[in-house]
Amino acid sequence: MIYIFKTTHKYIIKSFGSHILYTVFLILETFCPAWTKDNSMKTCPHCIQMQEELKLAHAEIASLKEKVSKALRNNPLTGLPNKVALHEYLELCIPNAKRQDNITAVFFTDLDNFKNINDQYSHEFGDECLQAAAKAYKDCLREADSLFHISGDEFIVVATLKDIHEAEIVKKKLQKSIDDTKVMYGDVQVNLGVSVGYDIVFSYDDANSTLTRADHNLQSDKKERKNLGLRQERDS
């Protein structure tokens, strides 16, 4: 918002959020004689042109801000919201945890043997597997569920459930969606698998504590799947 106060042959301009406009007004006062006359801004062709250019500039700046904000909050490979967006989302969910009849659960997922896939085939093929996993998750989740790609082969789902027993159902659904995903490397079919750990969001939580508990349960699931021969130990 800009307020213009006329003083003795001068204008005092208060500009909130744009120092560029102050410079523009100084230029107008210097190069446009009509600017210093009362009510002439509406008819001065220079002023009108400058106003139109300023509108376009503001629109471009707003568009760039939106693109930057999206880039900061989305994974470039899968297009899914990233870790920054996840923390922001959880901080919104936590205060509502006590007031809701339903419960909110966080599911921490990690693809089985993903490092081996990268090493045996290629990182480009590994990217294809991540994109396939992202699609599989999206296809099996409800519209109300939220999916995040936080790094590498780690995805997180935030879901609203009727009760704690439903969490195990969601876990099995996530695992089945990845088990059913086959990615072709030439003539070779590569089967995917996933480990999943989950925990409940409590009203006294913060984002980090919720994710820490879910990650702890994920590590337990990894060990269990390793003992079943479904997951190999990573070299690093």
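Our subject is the structure listed above.
Here the structure is a predicted model, which is why all the values come from computation and not from measurement. (Residues numbered from 1 in each chain as written. Predicted model: local features only at pLDDT ≥ 70, side-chain atom pairs only at ≥ 80, totals over all residues. Heavy atoms only, no water.)

1. Digging into the sheet that holds strand β3 (residues 103-111)
Part 1: Taken together, the four strands give an open sheet; going across it, the order is β4-β5-β3-β8, and neighbouring strands pair in antiparallel fashion. Every other strand in the sheet has two partners, leaving β4 (146-151) and β8 (194-200) as the edge strands with one partner each. Across the sheet, the mean angle from the axis of one strand to that of its neighbour is 25°, orientation sign disregarded.
Part 2: Note: β4 against strand β5 (residues 154-161), five bridges, orientation antiparallel. Across the sheet, the residue bridging to H149 is F155, located in β5.
Part 3: Contacts from helix α6 (residues 165-179) reach β3, β5 and β8 within the one sheet, and its direction differs from that of β8 by about 160°.
Part 4: Seen against the sheet, helix α7 (residues 207-227) touches β3, β5 and β8 and runs at an angle of roughly 145° to β8. (Pairing = 2+ DSSP bridges. Helix = DSSP H or I, 4+ residues; strand = E, 2+ residues; numbered from the N terminus. Axes fitted to C-alpha atoms, helices over the stretch in contact; angles between N-to-C directions. Contact = heavy atoms within 4.5 Å.)

2. So, the packing of helix α5 (residues 123-140) against α6
Part 1: Between α5 and α6, whose axes approach to 9 Å, the crossing angle comes to 135°. Judged by the angle between their axes, α5 and α6 are oblique. Handedness of the crossing formed by α5 with α6: right-handed. From α5, A133, A136, Y137 and C140 reach across to α6, where they touch K173, L174, S177 and I178. (Parallel < 35°, antiparallel > 145°, perpendicular 65-115°, else oblique. Left-handed = near helix turned anticlockwise from the far one by under 90°.)

3. Digging into the packing of aromatic side chains
Part 1: Summed over all chains, the structure comprises seven aromatic pairs.
Part 2: Geometrically, the ring pair formed by Y89 and F148 is tilted, given 5.7 Å between the ring centres and 45° between the ring planes. Of this pair, Y89 sits in helix α3 (residues 83-93) while F148 sits in strand β4, and the two are 59 residues apart along the sequence.
Part 3: Since its relative accessible area comes to 29%, Y89 is described here as partly exposed.
Part 4: Residues Y121 and Y185 carry aromatic rings whose centres are separated by 4.8 Å and whose planes lie at 55° to one another, so their mutual orientation is tilted. Note that Y121 is positioned in the loop between α4 (114-120) and α5 and Y185 in strand β6 (residues 182-185), a separation of 64 residues in sequence.
Part 5: We classify Y185 as partly exposed; its relative accessible area is 36%. (Phe/Tyr/Trp six-rings, centres within 6.5 Å; stacked < 30°, edge-to-face > 60°. Buried < 20%, exposed > 50% of the residue type's maximum accessible area, 1.4 Å probe, protein only.)

4. Considerations on the pairing of β6
Part 1: The pairing of β6 with strand β7 (residues 188-191) spans four bridges and is classified as antiparallel. Residue pairing across strands places M184 opposite Q189, the latter belonging to β7.

5. What about the environment of F107?
Part 1: The topology assignment puts F107 in strand β3.
Part 2: F107 sits in the buried class, given a relative accessible area of 0%.
Part 3: Between the C-alpha atoms of F107 and I200, which are 93 residues apart in sequence, the distance is 9.0 Å.
Part 4: With sequence-adjacent residues up to four places away left out, F107 is seen in contact with F155, I156, V157, A159, L161, A167, V170, K171, L174, V196, G197 and Y198.

6. Some details on α7
Part 1: Compared with the 30 Å implied by 1.5 Å per residue over 21 residues, the 31 Å span of α7 between its first and last C-alpha is a close match.
Part 2: For α7, the full list of buried residues reads A207, T210, L211, A214, L218, D221, K222 and R225. Each buried residue of α7 lies within a common arc of 115° when the element is viewed along its axis, so the set occupies one face. Of the residues in α7, the exposed ones pointing more than 90 degrees away from the buried face are T212, H216, K223 and N227.
Part 3: Tucked inside the fold, the buried residues of α7 contact α3, β3, β5, α6 and β8. (Expected span 1.5 Å × (residues − 1). Arc of directions from axis to C-beta.)

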